[in-house]
Amino acid sequence: MIKIEGFQTILYSLVDVIDIGIHIIDTKGRTIVYNKKMAEIEGMESDEVLGKKIHEIFKFKEETESTLIRALHSGKKTENSKQTYFNNLGQEITTINNTFPIMDQNHHIIGAIEVAKDITNLERIIKDNILNKGDTKYTFDSIIGTSENFLEVIEKSKRSTRTTSSILIVGETGTGKELFAQSIHNGSSRSTHPFISQNCAALPDSLIEGILFGTKKGAFTGSIERPGLFEQAQGGTILLDEINSLNPNLQAKLLRALQERTIRRVGDTKDKKIDVRVIATINEDPIDAIANDHLRKDLYYRLSVVSLFIPPLRERKEDIPLLAQSFIEKFNALFELNIEGISEEVYALFYDYDWPGNVRELEHIIEGAMNLLEPGDIKIWPNHLPALFKKKAHLGEAPAAKNDDHTNREPQESTLSLDDYIANTEKQYLEKVLKEHGMNISQAAKTLNISRQSLQYRLKKYQVK
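Report follows, based on the coordinates. Each chain has its residues counted from 1, running along the sequence as written. Confidence filtering applies because this is a predicted model: local features only for residues at pLDDT of at least 70, side-chain atom pairs given and counted only at 80 or more, and all residues used for totals across whole chains, interfaces and linings. Side-chain descriptors were evaluated using all non-hydrogen atoms of the structure, hydrogens and water having been removed beforehand.

Turning next to the sheet that holds strand β13 (residues 306-309). DSSP calls a pair of strands paired once it identifies at least 2 bridges connecting them. Think of it this way: any DSSP run of H or I at least four residues long counts as a helix, any run of E at least two long counts as a strand, and we number them from the N terminus. Here five strands make up an open sheet; going across it, the order is β8-β9-β12-β7-β13 and the pairing parallel. Strand pairing shows two members of the sheet lacking a second neighbour, β8 (195-199) and β13, which therefore form its edges. Averaged over all neighbouring strand pairs, the angle between strand axes comes to 15 degrees, with direction disregarded. Where β8 meets strand β9 (residues 237-241), five bridges bridge the pair, whose relative direction is parallel. In the sheet register, Phe195 faces β9, and the bridge partner there is Thr237. Whether two residues are in contact is decided by their heavy atoms: any pair within 4.5 Å suffices. The convention used is that axes are lines fitted to C-alpha atoms, helices contributing only their stretch in contact, and that angles between N-to-C directions extend from 0 to 180 degrees. Across the sheet, helix α7 (residues 148-160) is in contact with β7 (167-170), β12 (277-282) and β13; its angle to β13 comes to roughly 155 degrees.

It is worth spelling out the side chain of Glu114 at this point. Structurally, Glu114 is set in strand β6 (residues 109-118). Relative accessibility decides the category of a residue: with a 1.4 Å probe and only protein chains considered, values under 20% of the type maximum give buried, values over 50% give exposed, and everything between is partly exposed. Positive: Lys, Arg. Negative: Asp, Glu. His and the chain ends are not part of the count. A carboxyl oxygen of Asp or Glu within 4 Å of a side-chain nitrogen of Lys or Arg is what we treat as a salt bridge. For the buried Glu114, which has no salt bridge, the nearest side chain bearing the opposite charge is Arg70, at an N-O separation of 8.0 Å. Here a polar contact is recorded for every N or O atom pair within 3.5 Å, except that within protein the pair must consist of a potential hydrogen donor and a potential acceptor, and residues adjacent in sequence are included only if both atoms are side-chain atoms. Here the side chain of Glu114 touches Thr67 through a polar contact of 2.2 Å, side chain to side chain. Apart from the residues within four sequence positions on either side, Glu114 is in contact with Gly21, Ile22, His23, Met38, Thr67, Leu68, Gln83, Asn97, Asn98 and Thr99.

Turning our attention to the nonpolar core. In terms of nonpolar packing, the biggest core is built from 36 residues, with Phe230, Leu240 and Ile243 touching the most fellow members. If you list the elements that add at least two residues to this core, you get β7, α9 (205-213), α10 (229-232), β9, α11 (248-260), β12, α12 (286-291) and α13 (297-303). The dominant element in this core, judged by the number of residues it contributes, is α11, at five residues. Beyond its immediate stretch of four places on either side in the chain, Leu240 contacts Gln198, Cys200, Leu212, Phe230, Leu254, Val278, Ile279, Ala280 and Thr281. Here, the term nonpolar core denotes a set of buried Ala, Val, Leu, Ile, Met, Phe, Trp, Tyr and Cys residues that are joined through side-chain atoms within 4.5 Å.

Below, the structure is given as structure tokens:
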């Protein structure tokens, strides 16, 4: 090894900045290295741990002991070992650890080192999924909207309840994808069986396979017999939210499960048959997701047997009054208020706004406004709107004029966002090329130098008949 001046300082600095927990003890079990990430995982301060013995700070369940102490006494390493314990505040912590004894040149043990990954929140997610399976509250009666493009999606969703085919729901964040998924489940013959929802983006790659497909005892140190979400959803429906966040290897295993209707637990050698309907959601253009390697093309074909494209709120602004009134009724009951509605000035702002957060953003704005009402107020006025919305809606630039015919209001081209301007231009160009080719999709796609499938997606997206 090359000797470097200040090497120890460099080493300690490196240990402190890496995004993984490091804990080192000496032969007496006292902590000599405890990096920032480990302190974050365990909810401790470094000075609370450094120089103190493990059992002075942390408490372990009776049937277990510290993996660090075990490595120190046994001289053996352990890999991927799950450990649950409590810090000095009694907070439960769960980690996956790789632990090794530290040897000197004469092979004498002089300490032990642990590298830890935090899965505390992950364990809560697993428990929540097990406890809440089948807990669905939305039906098609819960879906609010009368715009033509939205009603088409509802009708297509209702027809899909008659089969068990996979479904891909495409829509921006906040458009109500899970609402549709639950409604389909509750309207199908599977409604008496479990409905399990899992956001794929919320789980680390190293653990999601076990959560989806289950684990076999002994697959790795600390692993137990645990059914995955597919087994828990047997006979029912599993919703995989943000499917494009899964890594390609997991997407391949998911594809196999869909094709073979079997799953294999991590560490097992046998397949288990499953009877589960899969509904997946994606918050980006599937064609773009495939092009950017976010979604495997073969998995897309398997999932999109039924494809539902939920329009964003900016494309169905005529539904704003119905949605707003439903939220007012919801928060009237919750806050014990008696608000009758929204002023014309507020509606004018709503119709001119682009709604990047979609229906969810509208709900949050209504809730925020109702928190700012004065005693005796029965309507929501511009001064009640949250400050952030007023800033984004440019409320201070000019007073909004009253307009009774809100359904016909459209933003002026000069106030369009760049995304909307590009979308409008793309739509107009697609229509022009289609007309030039007598509405023949294959010929138009060839001229545009895109696939027929990509063109069909864009026609659906822009509601081009």
